[in-house]
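Breakdown of the fold
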Amino acid sequence: AQSVTQLGSHVSVSEGALVLLRCNYSSSVPPYLFWYVQYPNQGLQLLLKYTSAATLVKGINGFEAEFKKSETSFHLTKPSAHMSDAAEYFCAVRLHKGGSQGNLIFGKGTKLSVKP
Amino acid sequence: EAQVTQNPRYLITVTGKKLTVTCSQNMNHEYMSWYRQDPGLGLRQIYYSMNVEVTDKGDVPEGYKVSRKEKRNFPLILESPSPNQTSLYFCASKPQGQGFTGELFFGEGSRLTVL
């Protein structure tokens, strides 16, 4: 069965520092992978997705993620954190079934704090 | 504007008093789903629906009911709410079919407190 593990429930960085949020997945077939962001009192918004094309995926707000099959990882990075990046981030996996069938399975989330 | 709309956004109720959280999407999506979000547990799926009149249980369906009589609406029903159903609830939708990668579109959330 597929699953998602996010390492670190809380990550704190200084403004301007590198952001690295870790996500590992398990899947016996090529997955589709997603990162979502949840700002306070809001719903989840798609940041970026991997769908078996380029392994380095660029998303909104300067975030990117790299799919590494050998490491079963899909870590989220941003070179320079802004105060506005403070939010909770969720990694999700969907089994590729040749269509859009299949539910998303979410990790438990990582809360990012950005210090001035 | 394409959106998923949930109501109410905030609700405080008492144990045993039936309530319904409505969800409506204007994107003609076939698939709809309900999640609950609890601290440290992430998002857990309650129920989902692949299309009209087709619903199925997710990971935590106990104490909830759903119906899908129309494509745009997917209400979540708590027949007899209990305090352990205090949570933040999200409705989400996505289209089905080839060529779509499966990401979900989320509502703003409904925060429910059961006293």
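The paragraphs below set out a description of the structure included in this document. Remember, it's a predicted structure, so these values are computed and weren't measured experimentally.

1. Quick look at the sheet that holds strand β3 (residues 19-25) of chain B
Residue and element names in this part refer to chain B.
- As summarised here, the arrangement of the 4 strands in space is β1-β3-β8-β7, forming an open sheet in which the pairing is antiparallel. The open sheet has two edge strands, β1 (4-7) and β7 (65-66), and neither has a second partner.
- Where β3 lies against strand β8 (residues 76-78), 3 bridges are found, and the strand directions are antiparallel. Counterpart to T20 in the pairing with β8 is I77.

2. Focus on the nonpolar core
- Core analysis: the biggest nonpolar cluster contains 26 residues, and W35, L47, L48, F74, L76 and Y89 of chain A have the highest contact counts within it.
- Elements represented by at least two residues in this core include exactly β3 (19-26), β4 (31-38), β5 (44-50), β7 (64-68), β8 (73-78), β9 (87-95) and β11 (110-115) of chain A.
- Aside from chain neighbours lying at most four places away, what touches L47 of chain A is W35, Y36, V37, G59, I60, F63, L76 and Y89 of chain A.
- Counting residues in each nonpolar core, the second largest holds 19 residues, with V4, L19, V60 and V66 of chain B among its members.

3. Side note on the interface of chain A and chain B
- Taken together, the 24 residues of chain A in the interface contact 27 residues of chain B.
- Between chain A and chain B, a total of about 1900 Å² is buried, with carbon and sulfur atoms accounting for 46% of that surface.
- At the junction of chain A with chain B, the criterion picks out 1 salt bridge.
- The partner of K49 of chain A in a salt bridge is E103 of chain B, and the shortest N-O contact between them spans 2.9 Å.
- Taken together, the elements giving at least two residues each to the side of chain A that touches chain B come down to β4, β5 and β9 of chain A.

4. Some points on the side chain of S49 of chain B
Residue and element names in this part refer to chain B.
- Structurally, S49 is set in strand β5 (residues 42-51).
- Only 2.9 Å separates the side chain of S49 from the backbone oxygen of N51, close enough to count as a polar contact.
- A distance of 2.8 Å separates polar atoms of two side chains, one belonging to S49 and the other to R68.

Definitions and limits used
Residues numbered from 1 in each chain as written. Chains lettered and ligands numbered in written order. Predicted model: local features only at pLDDT ≥ 70, side-chain atom pairs only at ≥ 80, totals over all residues. Heavy atoms only, no water. Pairing = 2+ DSSP bridges. Helix = DSSP H or I, 4+ residues; strand = E, 2+ residues; numbered from the N terminus. Core = buried A, V, L, I, M, F, W, Y, C linked by side-chain atoms within 4.5 Å. Buried < 20%, exposed > 50% of the residue type's maximum accessible area, 1.4 Å probe, protein only. Contact = heavy atoms within 4.5 Å. Buried area = accessible area lost by both parts, 1.4 Å probe. Salt bridge = Lys/Arg side-chain N within 4 Å of Asp/Glu carboxyl O. Polar contact = N/O pair within 3.5 Å; in protein donor to acceptor, adjacent residues only side chain to side chain.

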